[in-house]
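Listed here are the chains, written in short residue letters.
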Amino acid sequence: MKTFSATPADIDKKWILIDAEGVVLGRLASIVAMRLRGKHKASFTPHMDMGDNVIVINADKVQITGKKREEHFYWHTGHPGGIKSRTKQQILEGAHPERVVYQAVKRMLPGNRLSRQQMTNLRIYAGTEHPHEAQAPEVLDVKSMNKKNTRS
């Protein structure tokens, strides 16, 4: 039997809705990364963008275990002495709490052109509202997949 290699005509993208309220950040990010890459499909092909379109809501209510809320995100402005940092707690309480989930998912994908293309299929919203009702996304209940996915 020949190895199956998907072509653009074989790709079937679905819309998935994930509620991040009370879900542990790392476990959520690994599930989202797997869905974005398409590794949950039997027809997975590593060089094709086969993943689903993923919508994450309630990103501001994600759980972080241990002392990870005090860990820093670092970035550089490009100017001399321009290293900056914020803790995850500061970002979650700030204007764009969805950036914590975005960075977690981005860092679970390989650092190549295909991964950057796959990240465009991810939409993250801090609240419960999202403008993608017309796509009729199917709900993926991450909380019920494993009892370790939630923290109280």
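Please refer to the structure higher up on the page.
Treat the numbers as computed from the prediction; the structure is a model and nothing was measured.

Visitor: Go over unusual backbone geometry with me, naming the residues and quoting the values.
Guide: In terms of backbone geometry, most residues other than glycine have negative phi values and most peptide bonds are trans. Phi angles above zero are rare outside glycine, and N58 is one such case at about 55°. As for its position among the elements, N58 is in the loop between β2 (53-57) and β3 (72-76). Phi is positive for A136, close to 50°, though the residue is something other than glycine. Looking at the element boundaries, A136 is found in the loop between β5 (122-124) and β6 (138-139). Taking the relative accessible area as the measure of exposure, A136 reaches 59% and is therefore exposed.

Visitor: Explain the side chain of E98 to me, and be specific about the residues and the numbers.
Guide: With respect to the secondary-structure elements, E98 resides in helix α3 (residues 98-106). It turns out E98 is buried and unbridged, and the closest side chain with the opposite charge, R99, is 5.5 Å from it. Contacts of E98, omitting those with residues within four sequence positions, involve A59, I124 and A126.

Visitor: If you had to explain the pattern of salt bridges to someone new, which residues and values would you point to?
Guide: Tallied over the entire structure, the rule returns 4 salt bridges. D52 is the salt-bridge partner of R35, the closest N and O atoms lying 3.9 Å from each other. Of the two residues, R35 is situated in helix α1 (residues 25-37) and D52 in the loop between α1 and β2; the sequence distance between them amounts to 17 residues. The same class applies to R35 as to D52, namely buried. Between D52 and K41 there is a salt bridge whose closest N-O contact spans 3.3 Å. One end of the pair, D52, is in the loop between α1 and β2; the other, K41, is in the loop between α1 and β2, with 11 residues separating them in the sequence.

Visitor: Lay out the sheet that holds strand β1 (residues 15-19) in plain terms, naming residues and giving numbers.
Guide: Reading across the sheet, the 4 strands line up as β5-β2-β1-β6 and stay open at both edges, with parallel pairing between neighbours. Edge strands, defined here as strands with exactly one partner in the open sheet, are β5 and β6. Looking at chain direction, β1 and β6 are connected through 2 bridges and run parallel. Each bridged residue has a counterpart across the sheet, and for I16 the counterpart in β6 is E138.

Visitor: Give me the lowdown on α1, citing residues and values where you can.
Guide: Residues separated by three or four positions in an α-helix point in the same direction, a consequence of the helix having 3.6 residues per turn. Over its 13 residues, α1 runs 18 Å from end to end, which matches the ideal 18 Å to within 8%, given 1.5 Å per residue. Taken as a whole, α1 has its buried residues at L25, L28, A29, I31, V32, A33, R35, L36 and R37. Among the structural elements, β1, β2, α3, α4 (113-119) and β5 are those in contact with the buried residues of α1. Remark: G38 follows α1 within two positions and exhibits a positive phi of approximately 90°.

Visitor: A description of the nonpolar core should follow, citing residues and the corresponding values.
Guide: Soluble, globular proteins show a tendency: their nonpolar side chains are buried together. In this structure, L28, V32, V105 and L122 are the most contacted members of the largest nonpolar core, which totals 29 residues. Looking at this core, the elements with two or more residues in it are β1, α1, β2, α2 (88-93), α3 and β5. Ranked by residues supplied to this core, first place goes to α1 with 7 residues. The contact partners of L122, leaving out residues within four places of it in the chain, are V32, L36, V54, V56, Y102 and V105.

Visitor: An account of the pairing of β1 is requested, with residue identities and associated values reported.
Guide: Extensive coverage of β1 is indicated by the burial of 4 of its 5 residues. Of the strand pairs in this sheet, β1 and β2 are connected by 5 bridges, and their pairing is parallel. Each residue of the ladder has a partner; that of L17, found in β2, is I55.

What counts, and at which threshold
- Residues numbered from 1 in each chain as written.
- Predicted model: local features only at pLDDT ≥ 70, side-chain atom pairs only at ≥ 80, totals over all residues.
- Heavy atoms only, no water.
- Helix = DSSP H or I, 4+ residues; strand = E, 2+ residues; numbered from the N terminus.
- Buried < 20%, exposed > 50% of the residue type's maximum accessible area, 1.4 Å probe, protein only.
- Lys, Arg positive; Asp, Glu negative; His and termini not counted.
- Salt bridge = Lys/Arg side-chain N within 4 Å of Asp/Glu carboxyl O.
- Contact = heavy atoms within 4.5 Å.
- Pairing = 2+ DSSP bridges.
- Expected span 1.5 Å × (residues − 1).
- Core = buried A, V, L, I, M, F, W, Y, C linked by side-chain atoms within 4.5 Å.

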